[in-house]
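Residue-level listing of the chains:
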Amino acid sequence: MSSHAHRGEPGGDLSKLTLDDLQAFIFSAHGQQLETARVAAQEHAYTSKHPQEARRQWAKLSLLANRRMPDHAEGPSARVAQQEFMLRMWVIDRLGPDETDADWSPEALAADTLDALTLTPTQAVALAEDWRDRPTEQIRELRRHKNLTTHLEGLVGYLEPGPVREQLVTWTAARRLLP
């Protein structure tokens with residue numbers, strides 16, 4: 001492999017890197033390089049020819065790249081959070097939950113999702129009723145909440161009955177009403 005590919009310069013194929021090499025690359029990468037590394041690692045996680053544990057390791061590496069994306073002043077961007085939630089849900093669905101690892105724990109994913117939301121379902125539904133008349137920023141906030149709750153229908157099935165599960169069920173209903 002050329003040194004250009006390892007640095008993530010144009011023409012470098014990160015999908016050809018080993019797990020260890022891609023991890024090293026992620027620790028030195030910035031900006032779009034991290035997104036490219038995230039996608040390459042995620043593609044390996046999705047590849048069914050890999051053993052299940054290797055797929056989890058690739059998924060972890062994708063999460064690492066995603067978590068190193070630049071944060072906004074008020075916290076990680078909605079895109080970064082949505083990417084994380086969707087990949088974690090995919091692993092839970094396809095490779096199974098793992099209560100010993102918070103990334104693959106349905107309860108941890110539920111808690112992280114609720115922590116990322118700044119509106120209650122009731123507030124979101126109330127704002128959505130006349131969303132076309134709302135300022136652009138409020139519409140963006142409603143879309144952010146819709147995107148951050150995409151995975152909830154699948155997640156609910158992994159949770160025991162209780163207050164957290166009920167909050168997520170309420171959010172799945174509210175989500176359908178958001179723009």
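Bear in mind the structure is a predicted one, so any value in this text is a computation, not a measurement.

Provide a residue-level description of the overall build of the protein, including the pertinent values.
Looking only at helices and strands, the protein has ten helices and zero strands in total. Counting from the amino terminus, the protein carries its helices and strands in the arrangement α-α-α-α-α-α-α-α-α-α. For the protein, the proportion of its 179 residues judged to be buried stands at 42%. The contacts in the protein between residues at least 6 apart in sequence include a share of 59% that link residues at least 24 apart. On the protein, roughly 9,700 Å² of surface is accessible, and the fraction owed to carbon and sulfur atoms is 51%. Charged side chains of the protein number 21 positive and 26 negative; the gap between the two group centres comes to 5 Å.

Lay out the nonpolar core in plain terms, naming residues and giving numbers.
By size, the foremost hydrophobic cluster in this structure holds 23 residues, and its most contacted members are Leu 14, Leu 22, Phe 25, Ile 26, Ala 37 and Val 91. Those residues in contact with Val 91, other than ones at most four positions away along the chain, are Arg 56, Ala 59, Gly 96 and Trp 104. Formed by 22 residues, the second largest nonpolar core is a distinct cluster that contains Ala 81, Ala 110, Leu 117 and Leu 155.

Quick one: what's the story with the environment of Glu 99, residue by residue and with numbers?
With respect to the helices and strands, the residue Glu 99 is situated in the loop between helix H5 (78-95) and helix H6 (106-116). Ignoring anything within four residues of it in the chain, the contact list for Glu 99 reads Ser 105, Pro 106 and Glu 107.

Run through the packing of aromatic side chains, naming residues and quoting values.
Where two aromatic rings form a pair, the distance of their centres and the angle of their planes describe that pair. In the structure shown here, the tally under the stated rule is one aromatic pair. Where Tyr 46 meets Trp 90, the ring centres are 4.5 Å apart and the plane angle is 55°; that geometry is what we call tilted. Taken together, the residues span a long stretch of sequence, with Tyr 46 in helix H3 (residues 32-46) and Trp 90 in helix H5 at a distance of 44 residues. According to the relative accessible area criterion, Tyr 46 is partly exposed, its value standing at 37%. In this arrangement the basic side chain of Lys 60 is found over the ring face of Trp 104, its NZ or CZ atom lying 5.3 Å from the centre.

So, how was this worked out
- Residues numbered from 1 in each chain as written.
- Predicted model: local features only at pLDDT ≥ 70, side-chain atom pairs only at ≥ 80, totals over all residues.
- Heavy atoms only, no water.
- Helix = DSSP H or I, 4+ residues; strand = E, 2+ residues; numbered from the N terminus.
- Buried < 20%, exposed > 50% of the residue type's maximum accessible area, 1.4 Å probe, protein only.
- Contact = heavy atoms within 4.5 Å.
- Areas by Shrake-Rupley, 256 points an atom, 1.4 Å probe, with all protein chains shown as cover.
- Lys, Arg positive; Asp, Glu negative; His and termini not counted.
- Charge placed at Lys NZ, Arg CZ, Asp CG, Glu CD.
- Core = buried A, V, L, I, M, F, W, Y, C linked by side-chain atoms within 4.5 Å.
- Phe/Tyr/Trp six-rings, centres within 6.5 Å; stacked < 30°, edge-to-face > 60°.
- Lys NZ or Arg CZ within 6 Å of the ring centre and 35° of its normal.

Shape descriptors only; they carry no functional weight alone.
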